[in-house]
2 protein chains.
Amino acid sequence: MKMRRSERIVAVTKILVNEPYELISLNYFTERFDAAKSTISEDLSIIRRVFAAEKMGKVETVPGAAGGVRFIPNKATSDIKDVVDELCNELSDPERILPGGYIYMTDLIFDPSLMNEVGKIFATKFADLDADYVITIETKGIPIALMVARALNLPLVNIRKDSMVTEGSAVSINYLTGSSRRIKTMSLARKALPEGSKVLIVDDFMKAGGTAKGILDLMEEFKADVLGMGILVETVDPDDKLVADYTSLVVLEEIDQQQEEIVVKPSDWVLNLE
Amino acid sequence: MKMRRSERIVAVTKILVNEPYELISLNYFTERFDAAKSTISEDLSIIRRVFAAEKMGKVETVPGAAGGVRFIPNKATSDIKDVVDELCNELSDPERILPGGYIYMTDLIFDPSLMNEVGKIFATKFADLDADYVITIETKGIPIALMVARALNLPLVNIRKDSMVTEGSAVSINYLTGSSRRIKTMSLARKALPEGSKVLIVDDFMKAGGTAKGILDLMEEFKADVLGMGILVETVDPDDKLVADYTSLVVLEEIDQQQEEIVVKPSDWVLNLE
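Residues numbered from 1 in each chain as written. Chains lettered and ligands numbered in written order. Predicted model: local features only at pLDDT ≥ 70, side-chain atom pairs only at ≥ 80, totals over all residues. Heavy atoms only, no water.

## With respect to the overall build of chain A
Part 1 of the argument: A tally of regular secondary structure across chain A gives nine helices and twelve strands.
Part 2 of the argument: Referenced to the eigenvectors of the C-alpha coordinate spread, the extents of chain A come out at roughly 65 × 45 × 30 Å.
Part 3 of the argument: Taken over 274 residues, chain A has a buried fraction of 55%.
Part 4 of the argument: Charge centroids of chain A, computed over 32 positive and 44 negative side chains, lie 7 Å from each other. (Helix = DSSP H or I, 4+ residues; strand = E, 2+ residues; numbered from the N terminus. Buried < 20%, exposed > 50% of the residue type's maximum accessible area, 1.4 Å probe, protein only. Lys, Arg positive; Asp, Glu negative; His and termini not counted. Charge placed at Lys NZ, Arg CZ, Asp CG, Glu CD.)

## Regarding the domain arrangement of chain A
Residue and element names in this part refer to chain A.
Part 1 of the argument: As assigned here, chain A comprises domain 1 (5-72) and domain 2 (77-271).
Part 2 of the argument: Domain 1 and domain 2 are separated by 33 Å when their C-alpha centres are compared.
Part 3 of the argument: Domain 1 puts five residues into the contact, and the matching count from domain 2 is six residues.
Part 4 of the argument: Between domain 1 and domain 2, a total of about 520 Å² is buried, with carbon and sulfur atoms accounting for 37% of that surface.
Part 5 of the argument: A per-residue breakdown of the area domain 1 buries against domain 2 is headed by P20, Y21 and K55, which together make up 75% of the total.
Part 6 of the argument: Viewed at the interface, domain 2 and domain 1 are joined by zero salt bridges.
Part 7 of the argument: On the surface where domain 1 and domain 2 come into contact, there are two residue pairs in polar contact (both at pLDDT 80 or more). (Domains from an automatic or database assignment. Contact = heavy atoms within 4.5 Å. Buried area = accessible area lost by both parts, 1.4 Å probe. Salt bridge = Lys/Arg side-chain N within 4 Å of Asp/Glu carboxyl O. Polar contact = N/O pair within 3.5 Å; in protein donor to acceptor, adjacent residues only side chain to side chain.)

## Looking at the side chain of N116(A)
Part 1 of the argument: Position of N116(A) among the secondary structure elements: in helix α6 (residues 112-126).
Part 2 of the argument: A relative accessible area of 7% means that N116(A) is categorised as buried.
Part 3 of the argument: Apart from the residues lying within four places of it in its own chain, the contact partners of N116(A) are M147(A), N18(B) and R150(B).

## Considering the pattern of salt bridges
Note on pairing: side chains with opposite charge can pair once their charged atoms come close.
Part 1 of the argument: Throughout the structure, instances matching the rule amount to 35 salt bridges over all chains.
Part 2 of the argument: Linking K75(A) and E117(A) is a salt bridge whose minimum nitrogen-to-oxygen distance equals 2.4 Å. In this pair, K75(A) sits in the loop between β2 (68-72) and α4 (77-91) while E117(A) sits in helix α6, placing the two residues 42 residues apart along the sequence.
Part 3 of the argument: A relative accessible area of 10% means that K75(A) is categorised as buried.
Part 4 of the argument: Across the pair E253(B) and K265(B) runs a salt bridge whose closest N-O atoms are separated by 3.6 Å. Of the two residues, E253(B) is situated in strand β11 (residues 247-256) and K265(B) in strand β12 (residues 261-266); the sequence distance between them amounts to twelve residues.

## A few points about the interface of chain A and chain B
When the parts of a complex come together, some accessible area is lost, and that lost area is often used as the size of the interface.
Part 1 of the argument: Listed by partner, the interface residues are 59 residues for chain A and 59 residues for chain B.
Part 2 of the argument: On the chain A side of the interface with chain B, the three residues burying the most area are V10(A), K14(A) and F110(A), jointly 12% of the side's total.
Part 3 of the argument: Summed over the shared surface of chain A and chain B, the number is six salt bridges.
Part 4 of the argument: In this structure, the salt-bridge partner of E167(A) is K140(B), at a minimum N-O distance of 3.7 Å.
Part 5 of the argument: Only α1 (5-18), α2 (26-33), α3 (37-53), β4 (102-103), α6, α7 (141-152) and β6 (156-159) of chain A provide two or more residues apiece to the side of chain A that touches chain B.
Part 6 of the argument: Of the residues forming the side of chain A that touches chain B, the biggest block, eleven residues, is contributed by α1(A).
Part 7 of the argument: Classifying every residue of the side of chain A that touches chain B by side-chain character gives 31 nonpolar, eleven polar and 17 charged. (Nonpolar A, V, L, I, M, F, W, Y, C, P; charged D, E, K, R; others polar.)

## Things to note about the packing of aromatic side chains
Part 1 of the argument: Within the structure shown, the criterion is met by six aromatic pairs over all chains.
Part 2 of the argument: Ring geometry for F122(A) against F126(A): centres 6.1 Å apart, planes inclined by 10 degrees, an arrangement best described as stacked. With F122(A) and F126(A) both in helix α6 and four residues apart, this pair spans about one turn of that helix.
Part 3 of the argument: The exposure class of F122(A) is buried, given its relative accessible area of 0%.
Part 4 of the argument: For the cation-ring pair, K191(A) lies above Y104(B), with the distance from its terminal atom to the ring centre recorded as 4.8 Å.
Part 5 of the argument: The residue whose ring lies beneath R190(B) is F222(B), and the NZ or CZ to ring-centre distance is 5.2 Å. (Phe/Tyr/Trp six-rings, centres within 6.5 Å; stacked < 30°, edge-to-face > 60°. Lys NZ or Arg CZ within 6 Å of the ring centre and 35° of its normal.)

## Here's the deal with the environment of F126(A)
All names here are of chain A.
Part 1 of the argument: For F126, a relative accessible area of 3% gives the class buried.
Part 2 of the argument: F126 sits 103 residues away from M229 along the chain, and the two C-alpha atoms are 9.0 Å apart.
Part 3 of the argument: Setting aside residues up to four positions removed in sequence, F126 forms contacts with L200, G228, M229 and G230.

## Quick notes on α3(A)
Part 1 of the argument: If you check α3(A), its first and last C-alpha atoms are 24 Å apart, about what 17 residues at 1.5 Å a residue would give, namely 24 Å.
Part 2 of the argument: Among all positions in α3(A), only I40(A), D43(A), L44(A), I46(A), I47(A), V50(A) and F51(A) are buried. Seen from one end, α3(A) has its buried residues packed into an arc of 155 degrees, which puts them on one side. Of the exposed residues in α3(A), those oriented more than 90 degrees away from the buried face are S38(A) and A52(A).
Part 3 of the argument: Looking at the buried positions of α3(A), the neighbouring elements they touch are α1, α2, β1 (58-62) and β2 of chain A together with α1 (5-18) of chain B.
Part 4 of the argument: Among the residues trailing α3(A), K55(A) stands out with phi positive, at a value near 55 degrees. (Expected span 1.5 Å × (residues − 1). Arc of directions from axis to C-beta.)

Rendered as structure tokens:
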């Protein structure tokens, strides 16, 4: 079926958006839509212009024989602030206070639409680092990390908290949780991550940073190059975390069980975005 | 910025695709793009026509004052067969045989792009059931179930295999794994799932069906109405599973350690699709 511009441009938009970061050759489009290269190029420049004007992400052209075009789901600063404000708003609901002074956030972590947005935020932050893998640790890190990996078109690798009969030989390390000072074990199958990979670490929560420190130690066993670490929520205490280099979205300042109050705010990284 | 049709239609396509199943009012579009209702309606009918012709999903109009338009990421039968063929092809790689006669499939389960496709397949299968929640059990069910939930615009609920200090009061049940006949525990926080919800269950693997049966028992405790169950890979043995009503994509027929051979095939549901 030979299409008009207004029709073809719908299909091209859908194809680009469906596979973030996937490089698609111009030939693919010219063949699929039986159109000249110049016609497709014009389509793409319209899409690029609209995405830029409407802050819907970036359409990037890679020149050369092995080149093509790809969609980069960059989030605009105003969008990032909106999503984090919504998160803070949700998290400050006193109904979330659990016995023991914990905060209930499982529903948010398993909200696919919200995590899709969070995934794009971290993808925007880490876009230029050229990582090979996104790494997380089960269980609650998985939804966030999967959406980051999806937005960056990277495979996800999940660190287990138990032994893994079904995954072959594995590397295990012991680590001390920073807050409760208990010894725990985390392990990763040898075949899950090639030695020397460039990785991003993504997790849902950081208090003292014991788990994050454990992941860094495990990554050393795989000779991995850790390029960045994204954390959904960090606590303001302790100030002195076991890891230094990470980006959080939300800072949990206080859970006051008596006043029934939760105090959260956007992280400095979010507040300082321009 | 006032846009031309070819520009506006790019933005409308992106907005629809970004939020599957989300009902978006015509007013939203007329205001955002400063365009007449009839203009937007024409845009939408072009998008609808292209999506249908290119098998890119469905654009559905809901009439009335509370109505609007929404994108339904239906997968075409040929697409479903292609994705399942790719899965079978990947799974039959003899390198996947692990000591003990297990099969390594963690890399596929944590491949965001592949799971996005699998999510759309189950969403296509379960689209008309009008469920409230997607339910899974940690750990390897999560990526598949998250993508099903994303494609259906539903929240995901994750059943834990341990106790949950940070999630308040919970219901726990013991269950017998069908294959190894061990007693295990699964639990779900009371606040994670309202009583009487309509749910879909999604998991990565079924052998005898002990885990699936456990989930059904747990759902009974929540008075949930189980509308469907989607399983990525089931084993051909035992033929007599503990649950009857489920849809799988792939059937694992044999892992022959001596011949170094894995035999998989698309499920009857996939083979019989027309």
